[in-house]
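Read off the chains here:
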Amino acid sequence: MSQTVVHQGLNVKRSLLDAVLAGLIALIVFGPIVGIVLNGYSFNFEPRRLVWIIAAVMAGRLLLSLFLQTAPGRKVLARFDGGNDGVYVRPIGAKTSLRWIIPLMAVIALLFPFVATKYLLTVAILGLIYVLLGLGLNIVVGLAGLLDLGYVAFYAIGAYGLALGYQYLGLGFWAMLPLGALMAALAGALLGFPVLRMHGDYLAIVTLGFGEIIRLVLNNWMSLTGGPNGISVPAPTLFGLEFGRRAKDGGVPIHEFLGITYNPNLKFI
């Protein structure tokens, strides 16, 4: 039997629409971050840099859309289409076609601090923190199906536990980091056992109340937590070497120990 191969032409209109939508998404995502630069209590608008980023995103999306409509592009796209939908268990020894992405992302993450500015590093670190929160929330809400509206309270318990341990116990960053995680896990266990049999709206109300209790306690216990002003967190060190321009408590700055010029990005690297 002979098979008829139908040649599909390029749908330029569809590609242009994809490029416009990608540009709008880039405007929403990068506009507040790249287009507006804070300067004290005022701000400066940087339209040229924002336009270049949006243009690059639109051009890349246009080229990608046109490529995926060609025969080689359809072959590449077919490799990403799985035979099953949803969550399923792969057979032992199965290898995904995307296994090269993790080593590539690891290499990019190692090189990124050396080429990025302090502003970009701060934004990236803050974004990754919220990615971790989203992954944890996906386990509770997405996989377990529990509507937890006070999930961020455990994040606050871990963060304040680290700061309070440094403030009142004199423990350093690396000592309090696992202890802060254990405190958040313990709080989750204490809340989890009583509400284990609750579902739906009842679980949502209990967890929402727990989150509000933690927020109110942290904001109003001025003598312990500093209230809305917060509390200082210990700066991380590396084998006792500090990353500031001037060391505290008789320590040694890392740039003086290595004999190099001071660079504020060393703590990120």
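Residues numbered from 1 in each chain as written. Predicted model: local features only at pLDDT ≥ 70, side-chain atom pairs only at ≥ 80, totals over all residues. Heavy atoms only, no water.

> Tell me about the layout of surface pockets, and name the residues and values.
Approximately 250 Å³ is the volume found for the second largest pocket. Every residue lining the second largest pocket is counted, 15 residues in all, and those nearest its centre are Val152, Ala156, Ile214, Arg215 and Leu218. Taken together, the elements giving at least two residues each to the lining of the second largest pocket come down to helix 6 (152–168) and helix 8 (200–220). In terms of residue count, the dominant contributor to the lining of the second largest pocket is helix 8 (eight residues). Considered class by class, the residues forming the lining of the second largest pocket number nine nonpolar, four polar and two charged. (1 Å grid on protein atoms, 1.4 Å probe; cavity = no way out; pocket = protein on both sides within 12 Å on 5 of 7 lines; lining within 4 Å. Points joined across faces, edges and corners; volume = space filled by probe spheres on them. Helix = DSSP H or I, 4+ residues; strand = E, 2+ residues; numbered from the N terminus. Nonpolar A, V, L, I, M, F, W, Y, C, P; charged D, E, K, R; others polar.)

> Go over the nonpolar core with me, naming the residues and quoting the values.
Ala153, Phe154, Ala156, Ile157, Ala184, Ala187, Leu191, Val195, Leu203, Phe210, Ile214 and Leu218 form the largest nonpolar core, which has twelve residues in total. Of all the secondary structure elements, the ones that give two or more residues to this core are helix 6, helix 7 (173–192) and helix 8. For alanine 153, the residues in contact, after removing those within four places along its chain, are Phe210, Gly211 and Ile214. (Core = buried A, V, L, I, M, F, W, Y, C linked by side-chain atoms within 4.5 Å. Buried < 20%, exposed > 50% of the residue type's maximum accessible area, 1.4 Å probe, protein only. Contact = heavy atoms within 4.5 Å.)

> Before we move on, can you summarise the packing of aromatic side chains with the specific residues and values?
If you walk through the whole model with that rule in mind, you get two aromatic pairs. Residues phenylalanine 173 and tryptophan 174 carry aromatic rings whose centres are separated by 5.0 Å and whose planes lie at 85 degrees to one another, so their mutual orientation is edge-to-face. The buried category is assigned to phenylalanine 173, whose relative accessible area is 18%. (Phe/Tyr/Trp six-rings, centres within 6.5 Å; stacked < 30°, edge-to-face > 60°.)

These results come straight from atomic positions and should not be treated as a statement about function.
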